Amino acid sequence: MDLEAVRTFVAVAEAGQFQKAAADLAVTQQAVSKRVAGLERDLGVRLFTRTPRGAELTIDGQAFAPHARELLRVAERAAGSVRAGHRPLRVDVIASRVAPSGLMRGFHRAHPEIDLDVVMLFDVEAAVTALRSGAIDASFRAVAMPGRPLPEDIASVRVLDEPLQLLTGPAHALAGARSVTVARLAGHRIWMPGIVPGTEWAAYYDDLVAEFGLTIEATGPNFGSDALLDTIADTPALATFMSEQTRLVWPAGHGLRRIPVTDPTPVYPHSLLWHRDNPHPALATLRAHLAGTAAGHDTAGTWRPDWVLPR
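In this text the structure is predicted, and so the values were computed from the model without any measurement.

Time to look at helix 6 (residues 124–133). Of all the positions in helix 6, only Val124, Ala127, Val128, Ala130 and Leu131 are classed as buried. In a view along the axis of helix 6, the buried residues occupy a sector of 165°, so they form one face of it.

Listed in full, the buried residues belonging to helix 9 (residues 281–293) are Ala282, Leu283, Leu286, His289 and Leu290. Seen from one end, helix 9 has its buried residues packed into an arc of 125°, which puts them on one side. What points out from helix 9, more than 90 degrees from its buried face, is the exposed set Ala288 and Gly292. Residues of helix 9 that are buried in the fold lie against strand 3 (89–92), helix 5 (99–110), strand 5 (138–141), strand 6 (154–168) and strand 12 (265–275).

What follows is about the pairing of strand 11 (residues 257–262). Note that strand 6 and strand 11 share 4 bridges and pair antiparallel. Each bridged residue has a counterpart across the sheet, and for Thr168 the counterpart in strand 11 is Arg257. Bridge analysis of strand 7 (residues 180–181) against strand 11 gives 2 bridges, and the strand direction is parallel. Looking at the pairing, Val180 lines up with Val261 of strand 11.

Let's shift gears to the pairing of strand 3. Alternating residues of strand 3 divide into Leu89 and Val91 and Arg90 and Asp92, and every residue in both groups is buried. Bridge count for strand 3 against strand 4 (residues 116–119) is 4 bridges, and the pairing is parallel. Residue pairing for strand 4: Arg90 is matched across the bridge by Asp117. Read as a crossover between parallel neighbours, the route from strand 3 over helix 5 to strand 4 is right-handed. Pairing analysis gives 2 bridges linking strand 3 to strand 5, with the strands arranged parallel. Within strand 5, the position partnered with Asp92 by the bridge is Ser139.

Quick notes on the rules
Residues numbered from 1 in each chain as written. Predicted model: local features only at pLDDT ≥ 70, side-chain atom pairs only at ≥ 80, totals over all residues. Heavy atoms only, no water. Buried < 20%, exposed > 50% of the residue type's maximum accessible area, 1.4 Å probe, protein only. Helix = DSSP H or I, 4+ residues; strand = E, 2+ residues; numbered from the N terminus. Arc of directions from axis to C-beta. Contact = heavy atoms within 4.5 Å. Pairing = 2+ DSSP bridges. Right-handed = clockwise from strand over helix to strand, strands pointing away.

See the structure below:
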């Protein structure tokens, strides 16, 4: 199929006029008409009906339009990444201090010859949209949410089950514990202002609360990790959850404690997501690297929500 003809069809469909499409494409109106006519011959259908106001899509044209746009998106991704090093591998790591960022640092150390462009998107919906448009090549996510599976064109693989830890100030009732069971946390106030309703991490903590009867509060504005650490250090009644590999630095006077949670250990399941048609040559290298460094999944004594897909 002639991609120039497909591109011309999309231009006419969006402009609603052959003349306007010709101006947008910087070609003659005759060239536009010729390309569309050739595409119609190839498909064996009429794509447009000419009207006094311009050109309207036929029923067949309406059916073909979304596929035509997808063809152009795939072609753009292929052209942009067919050669190694032609453009950086763009990867969403959610945030700079969390485990996915550390995984990408490890990948960069192992493959310094691969150019990287690291971005930080808000939630799985934004990540999936960016993957499908070709704006990014991969994203680290908790896969999906209950009742909202990934689209069929998005592939995923679990790469890390990261244990949660309890973070307390020095005066907290559990500050002296070497570890704490999940059952022992019932009745304690766990403050996590970064939980945003509708996100995959909110779904994770909702299931954690329902499973073990915990009290997690997301009240108040989220002023970032430094403000959270200040509050936890100064408030004996509050604690928070922190993932094991989250990088934190706080003043020595804070006296914060990171305490392992056990029986079972809640783990946050990180997966790598990518578009099945993405041809970037470095994407396969990243997946192979993560497969070689991935921690064990579904190990005894751990907990994760049932909606997380198996590896």
